[in-house]
Amino acid sequence: MSSLPRRAKVKVQTVVSKDEFSSFSELSSASEEDDKEDSAWEPQKKVPRSRKQPVPKECKPKRVRRVKKTTLQMSDGSEGVAVKEELNNSVAIADVDLEDRKNKLDTVQTLKTAKTKRKNSAQSPSGQRTKKLKVDEEGNRASTIESGHEAAEMPSTSTMWEGACKKEENGDDFTFGQSPLKKMKTETCPQGQPVRLPANATNIKEEVEMNWDIVQVLSERTNIELWVCANIIRLFNDDNTIPFIIRYRKELINNLDADSLREVRQTLEELRAVAKKVHSTIQKIKKEGKMSECLLKALLNCKTFEELEHVSAPYKTGSKGTKAQRAKQLGLEGAARTLLENPGQLNLLSYIKPNIKGLSALQDIETGVQHILADMIAKDKDTLDFIRKLCQNRYICIQSSLAKVSSKKVNEKDVDKFLLYQNFSCNIRNIQHHQILAINRGENLKILTVKVNISDGVKNEFCRWCIQNRWRPRGFARPELMKILHSSLDDSFKRLIYPLLCREFRAKLTSDAEKESVMMFGRNLRQLLLTSPVPGRTLMGVDPGYKHGCKLAIISPTSQILHTDVVYLHCGQGFREAEKIKRLLLNFSCSTVVIGNGTACRETEAYFADLIMKNYFAPLDVVYCIVSEAGASIYSVSPEANKEMPGLDPNLRSAVSIARRVQDPLAELVKIEPKHIGVGMYQHDVSQTLLKATLDSVVEECVSFVGVDINICSEVLLRHIAGLNANRAKNIIEWREKNGPFVNREQLKKVKGLGPKSFQQCAGFIRINQDYIRTFCSSQQTESAGQIQGVAVTSSAGVEVTNEKQGKKKSKTAVNVVLKPNPLDQTCIHPESYDIAMRFLSFIRGTLYEIGKPEMEQKINSFLEKEGIEKIAESLQTTVHTLQVIIDGLSQPESFDFRTDFDKPDFKRSIVCLEDLQVGTVLTGKVENATLFGIFVDIGVGRSGLIPIRNVTEAKLSKTKKRRSLGLGPGERVEVQVLNIDIPRSRITLDLIRVL
């Protein structure tokens, strides 16, 4: 630990990441001579190392030497494998005035020194060293970017925080919440150039210097600009959540949506996992003493797990070795290299040793040389790059056919499911994602055999290029030697390269299909969660059943359970039970029935439809709707349900859950594990880790964007807010029960376990209802608008943004004194922007009491028409995106819920049967599930119809309606026409007419 501060000081002076390129290239060039001495021949080619040496723009010889020293010091003797941070070799930063940077660094150091003198003397020396390390690195990062002339062109998102946050950065190492606010000053330059990652001691050993730039590769794989990728990496490294980034850091990610951001994060995690595995593989091979410069270079070139597996396979522990390795053990490697370097001097007869197996005959020696050459060709980066590029421009197809297996092993019904793929062939560039998943499932069930077909033309062109360019001998080679070389190329392609390409193609197709399947699941889940709530109604939930009866639950407009019961509608007692149902509906003034779509749903729906048609429930005008009950039974026996509804029978809990899914879908569905909601495709065939991470992220996104009222929301809902988890949500509820309702957002900082970083992430998504607070609080909290304005801004902008542990205690005392409600706490405006919001209000001559009222909207619109949003943002020294969030927050009425723009459940009074349908019939229905091959629509006949994806065109999708995602998704109402009815197979094919 004592060496850590010293390392950090050296590292602080490393301003631009290009130096580490230089250090690696020097290591590589230094090792070339050793390579020649060890006869590690490489064929004649263009040296790729030149492109890894960017032109230095601001280097100093001293700094280069110190960086090299630091890099070697951190490598732990791994022969040139330098452990580093991944963005250090990213994009070259624009020219910066070195003198200006030096001055700023001095300023930061002065602030740090002054701050350190004010620290509590009780702090430990090791703690001070750690804090000094972070201060130095933060100061360096600030000086690197802030000194650029571009930084002055775009102001910070929240100018008011700059001074306080800088002071806090230099004070302590636990300021998770304020350091990103400081970074906002450096990150909002229009160019968005990448900077160094913050030092992370726990992850340093997992990050290995590769021969590729992580920002560049991330940009290529996601088709996103370099500067955006660099910003995203920094934001994720600072532990920012996706909802927070999407709403409050939009300018840094160039307006990307949440799905794109998730895709970038997943790709980033994959690249880091590859780099980590490469590092561990290098250490393992070095420990065994098998590392060479060529192998090290090949490993550092790996960008995927397939490439790494290909390169490292021969060196696995316990492996008997490849054919090439066995030939090398016989001493034939020199002969193979001589064949390429100086073929005129090669005499294979001199290698014959009659008593040694493998060297006893000339044919054996030729075979051994062939195996070594084939291995060299298959492991050469330029050769693999050429064949991959060649395959991109050629016809490569994937084929599947029925496997030759005995009928005992495979179910006949399963075989019929794969009828489409029993003689299937498709270009890999044109194959659909759902086709790949179906083929993979058939292969896993041993029903299908799958192969990738690469044409002979590709092989012939590859061999011709190798002979004429990459693997051409450096002198005249006799015909028998050229025959060995040709055989080596054929053997290398057939035995090594072709299987590698097949694995790569299959892995890429499968990975893309899994990602698309998971993304589709996420989009469907989002649309389901954002279904418009039906507040203010008393609802009757019905969980249908035959033998055990239909379970009933009546809930109040506030989701309280008013009554539960069981009725037996399908056992010959229907008429008698109708009286009970009518009595319940009348007693509780309930006119809406919610029926689960499980067993006996159709019969229950017909029962209620018949009573409604007969006007049986008069004077009530009763309507009903069908909702998905997926996951309700799982939830009903969960510990959460037992805690929420103690003593209630699990079957009756299901009926309660079904009713609440209509009243507030989001609040109810978050209680169920997302994969049990049943709106996906091939969800059991994809990576469960990826699926869970994506769905949890979608739930967090939806809950955060809708927002929660901190004083009335449940613990289950609260734990899905960005920046919170189960423990923090539990602590918030406990604090609320112990101390009463939260008066303002600043009180969240007093909750145990909720530090500055968590507060920063969650504060904008937590609402505090001002009417509730005014009613509950004493006269101290009901003051004039001016007092509210003055105190609230002080408490949010001044008190809490000081130092941490000592400062925190001071600020908590201050908050205890001034517990004033702040009307801004009911909006989506983040506390970091309260100062800007107050200045904007003064611009338009508005007051906090006018938030959400028509007069406020009128003032804002007239001011925007007069000045323009760009000019206003510039005068407020903020960004247009931040100002837009402030405008939205001030304009939206109290308790605004953007879900009201979306579709409500489809309430009905009558029923249609499958037999009543005719081709050409036009119907309205609700989308149940969206897949990659079509859209399933509930048209009220007990069986969902399918709109093939080819019938869903851009022209038919709604342009004016606010959309939750591209295409159609669960909950949308559509008008369709029946194209085909297959009654024996219960299949209905539909055509989309329009989105309602």
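Bear in mind the structure is a predicted one, so any value in this text is a computation, not a measurement.

Scanning the protein chain from terminus to terminus reveals 38 helices and 15 strands. Taken over 996 residues, the protein chain has a buried fraction of 54%. Within the protein chain, contacts between residues at least 6 apart in sequence are counted, and of these 74% link residues at least 24 apart. Of the roughly 45300 Å² that the protein chain leaves accessible, carbon and sulfur atoms contribute 51%.

Attention shifts here to the pattern of salt bridges. If you walk through the whole model with that rule in mind, you get 38 salt bridges. With a closest N to O distance of 2.6 Å, Asp685 and Arg441 form a salt bridge. Here Arg441 lies in helix α19 (residues 433-444) and Asp685 lies in the loop between α27 (665-669) and α28 (688-706), a separation of 244 residues in the sequence. For Asp685, a relative accessible area of 30% translates into the label partly exposed. Measuring nitrogen to oxygen at the nearest pair gives 3.9 Å for the salt bridge that ties Arg745 to Asp825. Of this pair, Arg745 sits in the loop between α30 (726-739) and α31 (756-762) while Asp825 sits in the loop between α34 (805-817) and α35 (834-844), and the two are 80 residues apart along the sequence. Judged on exposure class, the residue Arg745 and its partner Asp825 are both buried. Through salt bridges with shared partners, a single ionic network connects Asp259, Arg262, Arg526 and Glu701.

It is worth spelling out helix α8 (residues 214-222) at this point. Residues of α8 that are buried include every one of Ile214, Val215, Val217, Leu218, Ser219 and Thr222, and no others. Looking at the buried positions of α8, the neighbouring elements they touch are α9 (226-237) and α11 (258-287). For α8, the capping residue at the N-terminal end is Asp213, with a side-chain oxygen 3.2 Å from the backbone nitrogen of Val215. Positive phi shows up at Asn223, right after α8, with a value of about 60°.

Our next topic: the pairing of strand β14 (residues 973-982). Sheet topology places strand β11 (residues 922-930) next to β14; five bridges connect them, and they run antiparallel. Counterpart to Lys926 in the pairing with β14 is Arg973. With antiparallel pairing between neighbouring strands as the criterion, β14 and strand β15 (residues 987-995) make up a hairpin whose turn holds four residues, including Ser986 at a positive phi of roughly 55°.

What follows is about the sheet that holds strand β7 (residues 592-596). Spatially, five strands are ordered β6-β5-β4-β7-β8 in an open sheet, and the strand pairing comes out mixed. At either end of the open sheet lies a strand with only one pairing partner, and these are β6 (561-567) and β8 (623-627). Within this sheet the neighbouring strands show an average axis-to-axis angle of 20°, counted without direction. Relative to β6, strand β5 (residues 550-555) runs antiparallel, the two sharing six bridges. Looking at the pairing, Leu552 lines up with Asp565 of β6. Packing against the sheet, helix α26 (residues 650-663) makes contact with β4 (539-543), β5, β6, β7 and β8, and its axis sits at approximately 50° to β5.

What follows concerns the packing of helix α12 (residues 293-300) against helix α13 (residues 305-312). At their nearest, the axes of α12 and α13 sit 9 Å apart, and the two run at 165° to each other. By the angle between their directions, the pair α12 and α13 is classed as roughly antiparallel. Remark: the crossing between α12 and α13 carries left-handed chirality. Contact residues: Leu295, Ala298 and Leu299 in α12; Leu308, Val311 and Ser312 in α13. Within the contact of α12 with α13, the residues separate by chemical class into five nonpolar, one polar and no charged.

So, on to unusual backbone geometry. Following Ala618, the chain continues to Pro619 via a peptide bond in cis, the omega torsion being 10°. Looking at the element boundaries, Pro619 is found in the loop between α23 (601-613) and β8. Residues other than glycine seldom take positive phi values, yet Asn254 does so here, at roughly 55°. Counting through the fold element by element, Asn254 comes out in the loop between α10 (242-248) and α11.

So, about the packing of α9 against α11. If you want to describe how two helices pack, look at the angle between their axes and the distance between the axes. At a closest axis distance of 11 Å, the pairing of α9 and α11 adopts a crossing angle of 80°. In this view, α9 runs roughly perpendicular relative to α11, as classed from their interaxial angle. Each of Ile232, Ile233, Phe236 and Asn237 in α9 lies in contact with α11, whose residues at this interface are Leu261, Val264, Arg265, Leu268 and Arg272. Grouping the amino acids of the contact of α9 with α11 by side-chain chemistry returns six nonpolar, one polar and two charged.

To continue, consider the side chain of Ser517. Among the structural elements, Ser517 can be located in helix α21 (residues 479-529). Filtering out sequence-adjacent residues up to four positions away, Ser517 remains in contact with Leu437, Met681, Tyr682 and Val686.

Further remarks concern the pairing of β15. Judged from the eight bridges that link them, β14 and β15 form a sheet pairing that is antiparallel. Considered in β15, the bridge of Val974 is made with Val995.

Attention now moves to the packing of aromatic side chains. Considering all chains together, one arrives at twelve aromatic pairs under this definition. Judged by centre distance (5.6 Å) and plane angle (80°), the rings of Tyr616 and Phe617 are edge-to-face. The burial state of Tyr616 is the same as that of Phe617; both residues are buried. Note on Phe933 and Phe936: the rings are 6.2 Å apart at their centroids and 90° apart in plane angle, and the pair reads as edge-to-face. By relative accessible area, which is 29% here, Phe933 ends up partly exposed. In textbook terms, an aromatic cluster arises when at least three aromatic residues are bridged by ring pairs, as seen for Phe244, Tyr248, Phe705 and Phe765. Of note, Lys582 hangs over the ring of Tyr616, and the distance from its end group to the ring centre comes to 5.1 Å. Of note, Lys749 hangs over the ring of Phe759, and the distance from its end group to the ring centre comes to 4.6 Å.

Turning our attention to the sheet that holds strand β2 (residues 423-427). Pairing in this open sheet of three strands is antiparallel, and the strands run β2-β1-β3 from one edge to the other. Every interior strand has two partners, whereas the edge strands, β2 and β3 (448-454), have only one. Adjacent strand axes in the sheet meet at a mean angle of 15°, parallel and antiparallel pairs treated alike. Of the pairings in the sheet, the one linking strand β1 (residues 396-402) to β3 comprises seven bridges and is antiparallel in character. Within β3, the position partnered with Ile398 by the bridge is Val452. The sheet strands contacting α19 are β1, β2 and β3, and the helix crosses β3 at an angle near 125°.

Time to look at α9. The periodicity of an α-helix, 3.6 residues per turn, causes residues three or four positions apart to be oriented the same way. The end-to-end C-alpha separation of α9 is 17 Å, in line with the 16 Å expected for twelve residues at 1.5 Å each. Among all positions of α9, only Val228, Cys229, Ala230, Asn231, Ile232, Ile233, Arg234, Leu235 and Phe236 are buried. At the exit of α9 stands Asp239, carrying a positive phi of roughly 65°.

For the rest of this paragraph, the subject is the confidence of the model for the protein chain. This prediction gives the protein chain a mean pLDDT of 74; 71% of its residues lie at or above 70. Contacts for the low-pLDDT stretch residues 1-206, under 50 throughout, to residues beyond four places or in other chains number 341 contacts. Overall, residues 961-966 carries pLDDT values under 50, and its contacts beyond four positions in sequence, including any with other chains, amount to 22 contacts.

Val278, Leu299, Leu718 and Ile732 are the most contacted members of the largest nonpolar core, which totals 109 residues. Ranked by the residues each element gives to this core, the list is headed by α11, at ten residues. Filtering out sequence-adjacent residues up to four positions away, Ile732 remains in contact with Ile710, Leu718, Leu724, Phe742, Leu748, Val751 and Leu754. Within the second largest apolar cluster, 84 residues are counted, among which are Leu332, Ile467, Val937 and Leu957.

Let's shift gears to the environment of Ile242. Within the secondary structure layout, Ile242 lies in helix α10. Residues Ile242 and Arg265, 23 residues apart in the sequence, show an inter-C-alpha distance of 9.6 Å. Residues in contact with Ile242, not counting those within four places in the same chain, are Phe236, Ala258, Leu261, Arg262, Arg265 and Ser697.

For the rest of this paragraph, the subject is the environment of Asp416. Relative to the helices and strands, Asp416 resides in helix α18 (residues 412-417). Exposure remark for Asp416: the relative accessible area of 48% places this residue in the partly exposed category. Counting along the chain gives 31 residues from Asp416 to Ile447, while the straight-line C-alpha distance between them is 9.9 Å.

Cut-offs and rules
Residues numbered from 1 in each chain as written. Predicted model: local features only at pLDDT ≥ 70, side-chain atom pairs only at ≥ 80, totals over all residues. Heavy atoms only, no water. Helix = DSSP H or I, 4+ residues; strand = E, 2+ residues; numbered from the N terminus. Buried < 20%, exposed > 50% of the residue type's maximum accessible area, 1.4 Å probe, protein only. Contact = heavy atoms within 4.5 Å. Areas by Shrake-Rupley, 256 points an atom, 1.4 Å probe, with all protein chains shown as cover. Salt bridge = Lys/Arg side-chain N within 4 Å of Asp/Glu carboxyl O. Polar contact = N/O pair within 3.5 Å; in protein donor to acceptor, adjacent residues only side chain to side chain. Pairing = 2+ DSSP bridges. Axes fitted to C-alpha atoms, helices over the stretch in contact; angles between N-to-C directions. Parallel < 35°, antiparallel > 145°, perpendicular 65-115°, else oblique. Left-handed = near helix turned anticlockwise from the far one by under 90°. Nonpolar A, V, L, I, M, F, W, Y, C, P; charged D, E, K, R; others polar. Phe/Tyr/Trp six-rings, centres within 6.5 Å; stacked < 30°, edge-to-face > 60°. Lys NZ or Arg CZ within 6 Å of the ring centre and 35° of its normal. Expected span 1.5 Å × (residues − 1). pLDDT = per-residue confidence, 0-100. Core = buried A, V, L, I, M, F, W, Y, C linked by side-chain atoms within 4.5 Å.

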